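Per-entry structural report
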Amino acid sequence: MALQIRATLGLNPWDVLHEGLAERTGLSFGLITAITGVAVLLLWIPLRQKPGVGTIANVVVIAVAVDATLAILPAPQGLLPRIVFLTLGIVLNAVAFAAYVGSRLGPGPRDGMVTGFCRRTGVSLRVVRTVIELLVLGTGWLLGGTVGIGTILYALGIGPLSQLFLPHLTWRERSQPVS
C-alpha cells in the first residue's frame, strides 16, 4: 500500500476509498483501513465466511504497517522510480493476498469478501475481485480519493495476478507415506 501511495501515480481502489474517508473524517489513513476492515467483516455474515487468526491480524498489522511505512518511506524522485514503486506495490499486494489466503489462517476482511463471493457464486476470483475493486474505486472517487493510472492498473490487474499467484502459495498437507 505504501509503495503505491508514495508512487503518486494513483492509489489502489480500496486506498482511494480510504483516502476519501480519511479526508472527510480527519482520521489517519491507517485507522481508516482498520475501521473499513471491521465494516467489511459485517458483509461476511450473509456470505457465511468464517474469520481466522489471519483475519484479525490483517486488520491490525496492515493498519500499523502502512502508517509506519509511510512515516519512513520517502517519495521517489523521477518517473522511473515511481513506476517501479507502483509495479512493486501491485505485484507485492497480489503475492501477499495469495500468501495469507493460501496459508488458510483466514483471509483479510476485503479478501474474505472476495473469496466468499467466489465460493457462494462459483465466479472466478479474477472476475469477482475486479468487479469489487471497480465498485470500491467509484465510491472512493466520489468521496474525493486520488485516482490515477496506477488505480486503473491495480483495479484491472490485481484479480488476475492474485489468481495467478494463489495456486503457488496455497498450503497443502503432504500426503502420508504408504507403509
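Figured I'd write up the structure that's included with this text. (Residues numbered from 1 in each chain as written. Predicted model: local features only at pLDDT ≥ 70, side-chain atom pairs only at ≥ 80, totals over all residues. Heavy atoms only, no water.)

1. A look at the overall build of the chain
Our working definition: Helix and strand definitions follow DSSP, with helices as H or I runs of at least four residues and strands as E runs of at least two, each counted in order from the N terminus. Just to be clear, the radius of gyration here is over C-alpha atoms, and the globule rule we use is 2.2 Å times residues to the power 0.38. Relative accessibility under 20% of the residue-type maximum defines a buried residue, over 50% an exposed one, and the middle range a partly exposed one, all with a 1.4 Å probe and only protein chains included. Only the protein chains shown count as cover for residues, and all accessible areas are computed by the Shrake-Rupley method using a 1.4 Å probe. We treat Lys and Arg as the positive residues and Asp and Glu as the negative residues; His and chain ends play no part in the count. Charge placement uses NZ in Lys and CZ in Arg. For Asp and Glu, CG and CD serve respectively.
Scanning the chain from terminus to terminus reveals 9 helices and 0 strands. Along the chain, helices (α) and strands (β) appear in the sequence α-α-α-α-α-α-α-α-α when read from the amino end. Taken over the C-alpha trace, the chain has a radius of gyration of 17 Å; the compact-globule value for 179 residues is 16 Å, and the two agree within 12%. Relative to its 179 residues, the chain shows a buried fraction of 45%. Within the structure as shown, the chain displays about 9600 Å² of accessible surface, and the carbon and sulfur contribution to it stands at 71%. Across the chain, 13 positive and 7 negative side-chain charges occur, with their mean positions spaced 11 Å apart.

2. Some points on helix H7 (residues 109–121)
Condition: To estimate the expected span of a helix, subtract one from its residue number and multiply by 1.5 Å. Here a residue-residue contact requires only that any non-hydrogen atoms of the pair lie within 4.5 Å.
Under the 1.5 Å per step criterion, the end-to-end length of H7 is 18 Å for 13 residues, consistent within 8% with the ideal 18 Å. Residues Pro109, Arg110, Asp111, Gly112, Met113, Val114, Thr115, Gly116 and Cys118 constitute the buried set of H7. At its buried positions, H7 is contacted by helix H2 (13–25), helix H3 (29–42), helix H4 (44–47), helix H5 (53–72), helix H6 (79–102) and helix H8 (125–142). Looking one or two residues beyond H7, the residue adopting positive phi is Gly122, at roughly 80 degrees.

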